[in-house]
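Each chain is listed here by its residues.
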Amino acid sequence: MAADPQITEERLNAIRDEAARTGKVQHGGIVPADSPFPKSALEMSYHGNPVLKPPTWTWQVPLYFFVGGVAGVSALMALVGHVTGNSALVRAELLVGLVGGAISAPLLIADLGRPGRFLNMLRVFKPRSAMSLGAWTLSGFSAAVGLAVICHELLRAGYGHEFLLAVEWFAEFLAAFTGLILASYTSVLLGVTAIPVWSENRRLIPAVFLTGALGSAAAVLEFLGFLIPATQLIGLVASTTEIVIAILIEVRDRYADRPLREGIAGWLTRAGAILAGPVSLLLRIYGVHSTGARYCAALCFIAGALIARYAWIAAGRASARDPQALFQIQRRDRNTTSAI
Amino acid sequence: MAVSAFLTDATLCIGCKACEVACKEWNHVPADGFTFTGNSYDNTNALGASTWRHVMFLEQPSSLGAQITGTDDPFRWQFLSDVCKHCQKAGCLEACPTGAIIRTELETVYVQPDVCNGCGYCVVSCPFGVVDKNHEVGTAFKCTFCYDRQREGLMPACAKACPTQSIQFGEINDLRKRAHVRVQELHERGYSDAQIYDPQKTSVEGTHAMFVILGEPETYNFPPAPEVPTVHMKSAWTAAIISALAVVLVVCVSFAL
Ligand code: SF4
């Protein structure tokens, strides 16, 4: 052993860091007597086996992430429509919210295998579990949207009553509020896990998911005939944000982000970003006067946002498979704080 | 009730896998099929829904503890029986939306099979990659710390079956002391890389299954600094709220124009 083990360890750490950064070691380093050449920490793991378990979620879950997001933001748009006095918009958006909520529940239940199992989610309310919060939010959202639709339709049919209107306002407000939670909790659900690529991006995923939900909700509106300036503007903002996020992912050189740039998950991420970002944006800008171009832009954005949900789950799977992603983060955090 | 704990000692394990077998027998854990991994004598690979004790086989080049292998390389064969860590702050328990995962009166972490609904959130929330979903049954499984046996005053099946006392079972503070004595002893005998794996300084705040290991935790696929994912709750929600407010702003402005 070297005279001062502390210095030796530090030196080895420096060499490991260098190897992790550059992929090779330039310096000779320190070889303690009788020991093998220090291996780059990159190779350290149990037979290269994964440390973490990959997500078990079936294909319905990313689809639910998408549908829930669209439904949630649509409810917000319904409220804004009511405030601005656009009755047609309120009606359409409440319907989107209702249908979205109605699709979401079966999707979640399909992942659980047996319908009755969903009820177990409502045994307890546990806000520190994003999954529990989500189950309650979805239930509350569906109820609120349902109530709002009933009130709205009754009022339209001429059963006008001040009380009914008050209930509609209340239900719409509740639907918009729970809708925003519904659209954003799924990003927290991923961010607050042990999976490196999710956990390291816990501040980014909310922006990704909400941008996707916002743009897709506007795109759905366009398909419902609302080819108005508002949906165009939202589409432009959402596509631009998608581009910014994609550039950020590409230029930020972090080991944990590799699944977002490499392999199947990487290509899915890129495909989603290109469709929802530049393609949709260019179609909107150059097809200002063409209805067809606008529909194409809407379709591209929806497809891109949907692919992005699958890409994030695939990236999580790849990230769980790579023990070094986890070790790197923890070694970094350990070096900046103190040793175990 | 006393606080139960395991102390599993890599320097005493002989790789006989009696613990794996005893666990499967007692708990009626299903078979995981016959696969050949080529990873030394380990064809189990990792803990999972149908593996609650897993014996690791590490083949390491080292001058310490060199074994006579007939080759010129100094060679160290290491074994260690891995198990659920029964974290002081458990990621799986924090994540569970149904309340199926509970802390028992023995301070162990237990999945109630009749309450679990198979949402899979504990699977991605365990910082050690322990708990997993059994896809046939559709719910999550992991080590129960032989809750049934302990309630009857018996020690867990794996500890009972271990022929070398590599798996020790007892009261947590008692075992922590024993671990320190053991590591000291190993240092004196020249195993300078012996250490205790019991991450107490991270948000996991220590485990009820600690280990005496030789070398770095990473070589056993132990995370060097495991964190309970919920420590990131605040930063994730802050980002979500900011993004949501931005959405509200964009929608309001767009429809007001
Ligand atoms: S090791 Fe994983 S499964 Fe075991 S108590 Fe800790 S978080 Fe739960």
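See the structure printed just above.
Computed from a predicted model, the values in this text were never measured in an experiment.

Asker: Honestly, the overall build of chain B in this entry has me stumped. Any pointers?
Answerer: Along its length, chain B carries seven helices and 10 strands. Expressed along its principal axes, the backbone C-alpha trace of chain B runs to roughly 80 × 45 × 40 Å. Burial status across chain B gives 60% buried among its 257 residues. For chain B, the share of sequence-separated contacts (at least 6 apart) that also reach a separation of at least 24 residues comes to 60%. Total accessible area on chain B stands at roughly 10,800 Å², and carbon and sulfur atoms take up 57% of it. Across chain B, the centroid of the 19 positively charged side chains sits 5 Å from that of the 27 negatively charged ones.

Asker: Looking at this model, I keep getting lost on the side chain of Ser129(A). Mind explaining?
Answerer: For Ser129(A), the position within the fold is in the loop between helix 4 (117-121) and helix 5 (130-156). Within the local environment of Ser129(A), its side chain forms a polar contact with the backbone oxygen of Ala95(B), the two atoms lying 2.5 Å apart. Look past the residues within four positions of Ser129(A) in its chain and what remains in contact with it is Glu94(B), Ala95(B), Cys96(B), Pro97(B) and Tyr121(B).

Asker: Hey, could you run me through helix 5 of chain A in this one?
Answerer: An α-helical turn contains 3.6 residues, so any two residues separated by three or four positions project in the same direction. In a regular helix each residue adds 1.5 Å, so 27 residues correspond to 39 Å; helix 5 of chain A covers 38 Å between its end C-alpha atoms and thus fits that length. Within two residues after helix 5 of chain A, Gly158(A) carries a phi angle of roughly 100 degrees, on the positive side.

Asker: For this particular structure, what's the right way to read the packing of helix 6 (residues 162-191) of chain A against helix 8 (residues 205-223) of chain A?
Answerer: Packed helix pairs are specified by the crossing angle of their axes together with the interaxial distance, meaning the distance between the axes. Residues and elements named next belong to chain A. For the pair helix 6 and helix 8, the least separation of the axes is 8 Å and the interaxial angle reads 150 degrees. Considering their axes alone, helix 6 and helix 8 lie roughly antiparallel with respect to each other. With respect to the hand of their crossing, helix 6 and helix 8 are arranged in right-handed fashion. Where helix 6 abuts helix 8, its residues Ala-183, Ser-184, Thr-186, Ser-187 and Leu-190 lie against Ile-205, Pro-206, Phe-209, Leu-210 and Ala-213.

Asker: Can you walk me through the state of the cysteines in this structure?
Answerer: As used in these notes, a disulfide is a covalent bond between sulfur atoms, one from each of two cysteines. Residue and element names in this part refer to chain A. According to the stated counting rule, one finds zero disulfides over all chains in the structure shown. Between Cys-296, a free cysteine, and Cys-300, which holds the nearest cysteine sulfur, the sulfur-to-sulfur gap is 6.2 Å. The class for Cys-296 is partly exposed, based on a relative accessible area of 40%.

Asker: Which parts of the structure should I look at to understand the nonpolar core?
Answerer: One broad rule of soluble globular proteins: the nonpolar side chains tend to lie buried together. By size, the foremost hydrophobic cluster in this structure holds 95 residues, and its most contacted members are Trp57(A), Met77(A), Trp198(A) and Tyr121(B). Looking at this core element by element, the count peaks at 14 residues for helix 2 (residues 60-83) of chain A. Of the residues that make up this core, three or more belong to each of domain 1 (54-192) and domain 2 (199-322) of chain A. If we skip the residues at most four places from it in the chain, Trp198(A) touches Pro55(A), Trp57(A), Leu190(A), Gly191(A), Thr193(A), Ile205(A), Trp312(A), Ile313(A), Gly316(A) and Val124(B). In this structure, Val83(B), Cys96(B), Ile167(B) and Ala209(B) belong to the second largest nonpolar core, which totals 61 residues.

Asker: Explain the site of the ligand here, please?
Answerer: The environment of the ligand is made up of 14 residues, and the closest members are Cys84(B), Cys87(B), Cys92(B), Cys126(B) and Lys142(B). Partitioned by chemical class, the residues of the shell around the ligand number 10 nonpolar, two polar and two charged.

Asker: What should I look at first to understand empty space enclosed by the protein in this one?
Answerer: One water molecule sets the probe size; rolling that probe over the atoms shows where empty space is left. In total, this model carries eight cavities of 30 Å³ or more according to the counting rule given. Forming the boundary of the largest cavity are 19 residues, of which Val51(A), Ala46(B), Asp82(B), Phe128(B) and Asn221(B) lie nearest the centre. Partitioned by chemical class, the residues of the lining of the largest cavity number 11 nonpolar, five polar and three charged.

Asker: Explain a nonpolar patch on the surface here, please?
Answerer: Residues and elements named next belong to chain A. On the surface, Leu-95, Leu-98, Val-99 and Ile-103 cluster together into a nonpolar patch covering about 310 Å² of accessible area. The residue Leu-98 is located in helix 3 (residues 87-112) in this model. Given a relative accessible area of 31%, Leu-98 falls into the partly exposed group.

Asker: Teacher, can you tell me more about helix 10 (residues 263-286) of chain A here?
Answerer: Residue and element names in this part refer to chain A. End to end, helix 10 covers 33 Å across 24 residues, agreeing with the expected 34 Å (1.5 Å per residue, within 8%). Most pronounced at Ile-274, the bend in helix 10 amounts to some 35 degrees, and the proline Pro-278 follows within four residues. Buried within helix 10 we find Ala-265, Gly-266, Thr-269, Gly-272, Ala-273, Ala-276, Gly-277, Ser-280, Leu-281 and Arg-284. Against helix 8, helix 9 (229-251) and helix 11 (291-321) lie the buried residues of helix 10.

Asker: Help me understand unusual backbone geometry, please; the structure alone is not making it clear to me.
Answerer: A negative phi holds for most residues other than glycine; trans holds for most peptide bonds. Residue and element names in this part refer to chain B. Residue Ser-40 is not a glycine yet carries a positive backbone phi of 50 degrees. Even without being a glycine, His-86 presents a positive backbone phi close to 45 degrees. Relative to the elements of secondary structure, His-86 occurs in the loop between strand 3 (75-83) and helix 2 (91-95). Judged by its relative accessible area of 0%, His-86 is buried.

Asker: How do you make sense of the environment of Lys142(B) when you look at a structure like this?
Answerer: Residues and elements named next belong to chain B. Its location among the elements puts Lys-142 in the loop between strand 7 (139-141) and helix 4 (147-151). Taking the relative accessible area as the measure of exposure, Lys-142 reaches 4% and is therefore buried. Here the alpha-carbon distance between Lys-142 and Val-109, two residues 33 residues apart in the chain, equals 9.4 Å. Setting aside residues up to four positions removed in sequence, Lys-142 forms contacts with Trp-52, Cys-84, His-86, Val-109, Val-111, Val-130 and Val-131.

Asker: Can you walk me through the pairing of strand 10 (residues 209-214) of chain B in this structure?
Answerer: Within a regular strand, side chains alternate between the sheet's two faces. Residues and elements named next belong to chain B. Across the six residues of strand 10, six count as buried, placing the element largely inside the fold. Alternating residues of strand 10 divide into Ala-209, Phe-211 and Ile-213 and Met-210, Val-212 and Leu-214, and every residue in both groups is buried. Relative to strand 10, strand 1 (residues 4-9) runs parallel, the two being bridged by four bridges. Considered in strand 10, the bridge of Leu-7 is made with Met-210. Bridge count for strand 9 (residues 194-197) against strand 10 is four bridges, and the pairing is antiparallel. Paired with Ala-194 across the bridge in strand 10 is Leu-214.

About the cut-offs
- Residues numbered from 1 in each chain as written.
- Chains lettered and ligands numbered in written order.
- Predicted model: local features only at pLDDT ≥ 70, side-chain atom pairs only at ≥ 80, totals over all residues.
- Heavy atoms only, no water.
- Helix = DSSP H or I, 4+ residues; strand = E, 2+ residues; numbered from the N terminus.
- Buried < 20%, exposed > 50% of the residue type's maximum accessible area, 1.4 Å probe, protein only.
- Contact = heavy atoms within 4.5 Å.
- Areas by Shrake-Rupley, 256 points an atom, 1.4 Å probe, with all protein chains shown as cover.
- Lys, Arg positive; Asp, Glu negative; His and termini not counted.
- Charge placed at Lys NZ, Arg CZ, Asp CG, Glu CD.
- Polar contact = N/O pair within 3.5 Å; in protein donor to acceptor, adjacent residues only side chain to side chain.
- Expected span 1.5 Å × (residues − 1).
- Axes fitted to C-alpha atoms, helices over the stretch in contact; angles between N-to-C directions.
- Parallel < 35°, antiparallel > 145°, perpendicular 65-115°, else oblique.
- Left-handed = near helix turned anticlockwise from the far one by under 90°.
- Disulfide = S-S within 2.5 Å.
- Core = buried A, V, L, I, M, F, W, Y, C linked by side-chain atoms within 4.5 Å.
- Domains from an automatic or database assignment.
- Near = heavy atom within 4 Å.
- Nonpolar A, V, L, I, M, F, W, Y, C, P; charged D, E, K, R; others polar.
- 1 Å grid on protein atoms, 1.4 Å probe; cavity = no way out; pocket = protein on both sides within 12 Å on 5 of 7 lines; lining within 4 Å.
- Points joined across faces, edges and corners; volume = space filled by probe spheres on them.
- Patch = residues over 30% accessible without salt bridge, like charges linked within 9 Å, V, L, I, M, F, W, Y side chains within 5 Å.
- Salt bridge = Lys/Arg side-chain N within 4 Å of Asp/Glu carboxyl O.
- Bend = angle between axes of the 7 residues up to and from the residue.
- Pairing = 2+ DSSP bridges.

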